[in-house]
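# Structure assessment
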Amino acid sequence: MSFFNTLYNSLYNFKWLRNQRNNTSWGWGYFFLLIILVSGLSTISLGFKYFDTAPIIKKAVYNDLPEFQAEVKNGQLQMSGLAQPYIKNYEKIAIVVDTVSTSTIDIKNFVKADSRSILLITKDSIIAYDAQDNSTKTQAMKDFDGFKTNRMEVLKKADTIFSNKMVWIVTVVTFVLLWLFLVASNLLNVLFFSFLFFTIAKQQKLNWKFKEVFNVGLFTITLPLILTQAAPSFYLNLVFVLVFAGWMYMVILKKDKLVKE
């Protein structure tokens, strides 16, 4: 049985889905291939964005990074060669460096109404403000005691991080991690819905074994999995639950010509 023929029928053909109740071996094979397809398409999309964005970020680092020397000693950041306070505004983030002020610096003083996040570096801490959820995280400088860097070292790291080789490594790692995540999460989903609908089918005295319901679930997950890749994140869980439950209901419980053998 071909993968794409299975994919096509899994989207809408309830009678065909019902007839897969004993097709265990292909059910597992199809499920893993489906996750590979979804993971691959998602990774390709992210990879293209990374390939397009990496050179832009690298160029910005070379053009905007001033000469400086930085060292964390006795829990405090000491900087030279950089006029402070140093403020650099980008589209989505503003970077502020001020290690010379003697009074406490409040990151809220730099928060504007333009949904821009803030990275504030002081002599005692690194403070990050996330404009998306209005959260603030702080990392003490004493955790980096002994750290040293300068402009040349930063540029060398930028060359490594944004090289084509690193982009490919990140892309491959992203694919593997995404595939593992989708396999684990969707197997749990299939298991949960299989148990739920097996329980209902048993109460209604329908002739279904748990293994058969699970086999069907391996195919039925196709449409909800595809839809959740395109839906806004807020609706991911709701879309998945409604579609998966609806398709399982049509295949396992509904008695009409669509599923009649």
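So, here's what we can say about the structure. If you're wondering where the values come from, they're calculated on a predicted model, not measured in any experiment. (Residues numbered from 1 in each chain as written. Predicted model: local features only at pLDDT ≥ 70, side-chain atom pairs only at ≥ 80, totals over all residues. Heavy atoms only, no water.)

## So, the overall build of the chain
When you go through the chain residue by residue, the secondary structure sums to 8 helices and 8 strands. Over its C-alpha trace the chain gives a radius of gyration of 27 Å, far above what one expects of a compact globule, namely 18 Å for 261 residues. Dimensions of the chain along its principal axes, counting C-alpha atoms only, are 80 × 35 × 35 Å. For the chain, the exposed surface amounts to about 16,000 Å²; the carbon and sulfur share of it is 62%. Taking the average place of the 28 positive charges on the side chains of the chain and the average place of its 18 negative ones, the gap between the two points comes to 14 Å. (Helix = DSSP H or I, 4+ residues; strand = E, 2+ residues; numbered from the N terminus. Rg over C-alpha atoms; globule rule 2.2 N^0.38 Å. Areas by Shrake-Rupley, 256 points an atom, 1.4 Å probe, with all protein chains shown as cover. Lys, Arg positive; Asp, Glu negative; His and termini not counted. Charge placed at Lys NZ, Arg CZ, Asp CG, Glu CD.)

## Observations regarding the sheet that holds strand 1 (residues 69-73)
Taken in spatial order, the 3 strands line up as 2-1-8 in an open sheet, and their pairing is antiparallel. Of all strands in the sheet, those with a lone pairing partner are strand 2 (76-80) and strand 8 (148-150), marking the two edges. Looking at each pair of strands side by side, their axes are set apart by 15° on average, direction ignored. In this sheet, strand 8 lies alongside strand 1 in antiparallel orientation, the contact comprising 3 bridges. Residue pairing across strands places Gln69 opposite Asn150, the latter belonging to strand 8. (Pairing = 2+ DSSP bridges. Axes fitted to C-alpha atoms, helices over the stretch in contact; angles between N-to-C directions.)

## Thoughts on helix 5 (residues 164-203)
Look at helix 5: 58 Å from first C-alpha to last across 40 residues, which is about the 58 Å you get at 1.5 Å a residue. Residues of helix 5 that are buried: Val167, Thr171, Leu182, Val183, Ser185, Asn186, Val190, Phe193, Ser194, Phe197, Phe198 and Ala201. With its phi angle positive at about 60°, Lys205 sits one or two positions after the end of helix 5. (Expected span 1.5 Å × (residues − 1). Buried < 20%, exposed > 50% of the residue type's maximum accessible area, 1.4 Å probe, protein only.)

## Things to note about a nonpolar patch on the surface
A cluster of nonpolar side chains, namely Ile169, Val172, Val173, Val176, Leu177 and Leu180, defines an oily patch on the protein surface of about 510 Å² accessible area. Structurally, Val173 can be placed in helix 5. (Patch = residues over 30% accessible without salt bridge, like charges linked within 9 Å, V, L, I, M, F, W, Y side chains within 5 Å. Salt bridge = Lys/Arg side-chain N within 4 Å of Asp/Glu carboxyl O.)

## What to know about the sheet that holds strand 6 (residues 125-130)
Here 5 strands make up an open sheet; going across it, the order is 3-4-5-6-7 and the pairing mixed. Of all strands in the sheet, those bounded by a partner on one side alone are strand 3 (86-89) and strand 7 (135-140). When strand polarity is set aside, the average angle formed by the axes of neighbouring strands in this sheet is 10°. With 6 bridges joining them, strand 6 and strand 7 adopt antiparallel strand pairing. Residue pairing across strands places Tyr129 opposite Thr136, the latter belonging to strand 7.

## Observations concerning unusual backbone geometry
Trans peptide bonds make up most of the peptide bonds, and negative phi angles are found at most residues other than glycine. The omega torsion across Gln84 and Pro85 is 0°, close enough to zero to call that bond cis. Along the polypeptide, Pro85 turns up in the loop between strand 2 and strand 3. Not every positive phi belongs to a glycine, and Asn134 is a case in point at roughly 55°. With a relative accessible area of 57%, Asn134 lands in the exposed category. The backbone of Lys205 sits at a positive phi, close to 60°, despite the residue not being glycine. Along the chain, Lys205 turns up in the loop between helix 5 and helix 6 (210-220).

## Some points on the nonpolar core
In terms of nonpolar packing, the biggest core is built from 34 residues, with Leu34 and Ile252 touching the most fellow members. Counting only elements with at least two residues in this core, the list comes to helix 1 (3-12), helix 2 (14-18), helix 3 (24-64), helix 5, helix 6 and helix 8 (236-253). Non-local contacts of Ile252, meaning those with residues more than four positions away in its chain, are made with Phe197, Ala201, Leu206, Trp208, Val213 and Val216. (Core = buried A, V, L, I, M, F, W, Y, C linked by side-chain atoms within 4.5 Å. Contact = heavy atoms within 4.5 Å.)

## Describing the side chain of Thr99
Mapping Thr99 onto the fold places it in the loop between strand 4 (93-98) and strand 5 (117-122). Ignoring sequence-local partners within four residues, the contact set of Thr99 consists of Leu77, Met79, Gln84, Ile121, Thr122 and Lys123.

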